[in-house]
Amino acid sequence: MDKSVLLCLLLFSAYSHVSAHYYPSKNTLVSSVTKNTILPIFTFTLNTNEEYFIHIAGPYLVRSCNDGLPRPIIPCGSSTCALTRRVNPHQCPPTQNTIINGRCACQATAFEPFQRLCNSNQYTYGDFSMSSLNPRSPSFTFNNVKYLCIPKPFLRDFPPGVLGLAGLAPTALATWNQLTPPRLGLEKKFALCLPSDTNKGAIFFGGGPYKLGKIDARSMLTYTSLIKNPRRLNNYFVGLEGIFVNGEKILLAQNAFAFGGKGDGGVTLSSVIPFTTLRSDIYKVFTKAFSKATSDIPRVNSTTPLEFCFKSTEPFQVPRIDLKFADGKVWKVFSANSMKKVSDDVACLAFLDGGDAAAQAVVIGMHQMENTLLEFDVGRSAFGFSCSLGLVNASCGDFQTKP
């Protein structure tokens, strides 16, 4: 048995005898997560029945508003309006304010990643609620939550029922940050587990416990540092040191993962990119190594957009891919997250060539994050990741999302 699988099993079993009720019920906010079948997005619930698309690089909460009703004005000269300018999406032009009833009203800009459209509109505030794991307070309502009010056409390609976008970037106006006030004893962090199928996943705001069956899944997390890219304030970056295939490090330029002078380069995570995307110089070396390590598995024709496809039989296993961080921590990627099943007998390597001019060196995509508990501890600048939950016969749907 692979040593990393054994370690994950040991961690799981070591804590499984401890009842989850041993951990005190905090005010941790929680929602189930749904994988959408129309667009490659995941959604969670606010205000009891409103679905919001999870965007970990979105700077703020965006809500569809096409009812024509007046909304509270945030003054142009306010500190809140100044914050929106700091995190204006780099894909969009500078935002211009507007006049409402003779007053200068703050406007902000959202970038819709699927149509790749920018849209500016009134930045306002209102009440939002979210479920809690505290049985004495199963829901909390938050007043004066700031959000960007966008007319519905901006979100026209969103699936029915998806009302907006929940930005979870490391910014002051991000959804998680506004819904974790210190008065509730909540920490400045969020965690998510993206489901790999039609089962539900989970998202938590404010810290654990993350109750997975009878354990607190915080015990399964390995942490590495989050690093800042001063020209990409809306993204989470990690310090990748090397990529290994079947235990062997692929040979790349020494600065392959370094930041460039214009904010390019580096290694980030995305909840809008389906598969991990590598800049061409990295992709070519990586796929050459993977092809060599899988030379005994019959190849079949590629399936757009995936290039390396194989004839799969059950159980289908390929060499493990390791992402080694600068602090020595290793994210081990097994077949369930490295391969995408495209038919009953074909599976493809779930990594893409981002081209020579890719904005980042590596963008870790949704497929590689599925069925794995991930914690973004912004307060400590730390990123936590578990092993694939499938290795311990669990899934994202096993998390407790009700008191």
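Preceding this section is the structure that the text describes.
Basis of the calculations
Residues numbered from 1 in each chain as written. Predicted model: local features only at pLDDT ≥ 70, side-chain atom pairs only at ≥ 80, totals over all residues. Heavy atoms only, no water. Helix = DSSP H or I, 4+ residues; strand = E, 2+ residues; numbered from the N terminus. Rg over C-alpha atoms; globule rule 2.2 N^0.38 Å. Buried < 20%, exposed > 50% of the residue type's maximum accessible area, 1.4 Å probe, protein only. Expected span 1.5 Å × (residues − 1). Arc of directions from axis to C-beta. 1 Å grid on protein atoms, 1.4 Å probe; cavity = no way out; pocket = protein on both sides within 12 Å on 5 of 7 lines; lining within 4 Å. Points joined across faces, edges and corners; volume = space filled by probe spheres on them. Nonpolar A, V, L, I, M, F, W, Y, C, P; charged D, E, K, R; others polar. Pairing = 2+ DSSP bridges.

Q: It is not clear to me how the overall build of the protein chain should be interpreted in this structure. Could you clarify?
A: Of the regular secondary structure elements, the protein chain holds six helices and 30 strands. Its C-alpha atoms give the protein chain a radius of gyration of 21 Å, within 12% of the compact-globule value 22 Å for 403 residues. Dimensions of the protein chain along its principal axes, counting C-alpha atoms only, are 70 × 50 × 40 Å. Put simply, the protein chain has 403 residues, and 55% of those count as buried.

Q: Help me understand unusual backbone geometry in this model?
A: Peptide bonds are trans in most cases, and residues, glycine excluded, mostly fall at negative phi. Across the junction of Gly208 and Pro209, the peptide omega takes the value 10°, indicating a cis bond. With an omega dihedral of 5°, the bond running from Thr304 to Pro305 counts as a cis peptide bond. With respect to the helices and strands, the residue Pro305 is situated in the loop between β21 (299-300) and β22 (309-311). Phi at Asn101 takes a positive value of approximately 50°, unusual for a residue other than glycine. Judged by relative accessible area, which is 76%, Asn101 ranks as exposed. Positive phi, normally seen in glycine, also occurs at Asn371, with a value near 55°. Residue classification places Asn371 among the buried positions, given a relative accessible area of 12%.

Q: In this structure, what is going on with helix α4 (residues 280-293)? I would like to understand it.
A: Every α-helix carries 3.6 residues per turn, so stepping three or four residues along brings you back to the same face. In this model, α4 (14 residues) spans 20 Å end to end at C-alpha, consistent with the 20 Å of a helix rising 1.5 Å per residue. Those residues of α4 that fall on the buried side of the exposure criterion are Ser280, Ile282, Tyr283, Phe286, Thr287 and Phe290. Projected down its long axis, α4 shows its buried positions confined to an angular sector of 145°, all on one face. Along α4, the residues that are exposed and aim more than 90 degrees away from the buried face are Lys284, Lys288 and Lys292.

Q: I would appreciate a short explanation of the layout of surface pockets in the present structure.
A: Any empty space left between the atoms is revealed when a probe the size of a water molecule rolls over them. Considering only enclosed or pocket space, the largest pocket measures out at about 810 Å³ in volume. Along the wall of the largest pocket there are 36 residues; nearest its centre are His90, Gln91, Phe111, Arg116 and Asn235. Considering every element that reaches the lining of the largest pocket, the biggest residue donor is strand β7 (residues 107-112), with three residues. When its residues are assigned to classes, the lining of the largest pocket shows 19 nonpolar, 13 polar and four charged. Considering only enclosed or pocket space, the second largest pocket measures out at about 570 Å³ in volume.

Q: How do you make sense of the pairing of strand β9 (residues 139-150) when you look at a structure like this?
A: For a regular strand, side-chain orientation follows a simple rule: the groups alternate between the two sheet faces. Across three bridges, the pairing between strand β4 (residues 61-64) and β9 is parallel. When the sheet's bridge partners are listed, Val62 is paired in β9 with Leu148. Sheet analysis places strand β8 (residues 117-131) next to β9, joined by eight bridges and oriented antiparallel. Bridged to Phe128 within β9 is Phe142.

Q: Just to check I follow, could you spell out empty space enclosed by the protein for this structure?
A: Counted according to the given criterion, the structure contains two cavities of 30 Å³ or more. Volume-wise, the largest cavity comes out at about 80 Å³. Along the walls of the largest cavity sit 13 residues, with Thr276, Leu278, Leu323, Phe351 and Val362 positioned nearest its centre. Looking at the lining of the largest cavity residue by residue, the class counts come to eleven nonpolar, two polar and no charged. Volume-wise, the second largest cavity comes out at about 30 Å³. Around the second largest cavity, the lining residues are Trp331, Lys332, Val333, Asn337, Gln368, Thr372, Ser386, Cys387 and Ser388. Broken down by element, the lining of the second largest cavity gets its largest block of residues, three residues, from strand β24 (residues 330-333). Split into classes, the residues belonging to the lining of the second largest cavity amount to three nonpolar, five polar and one charged.

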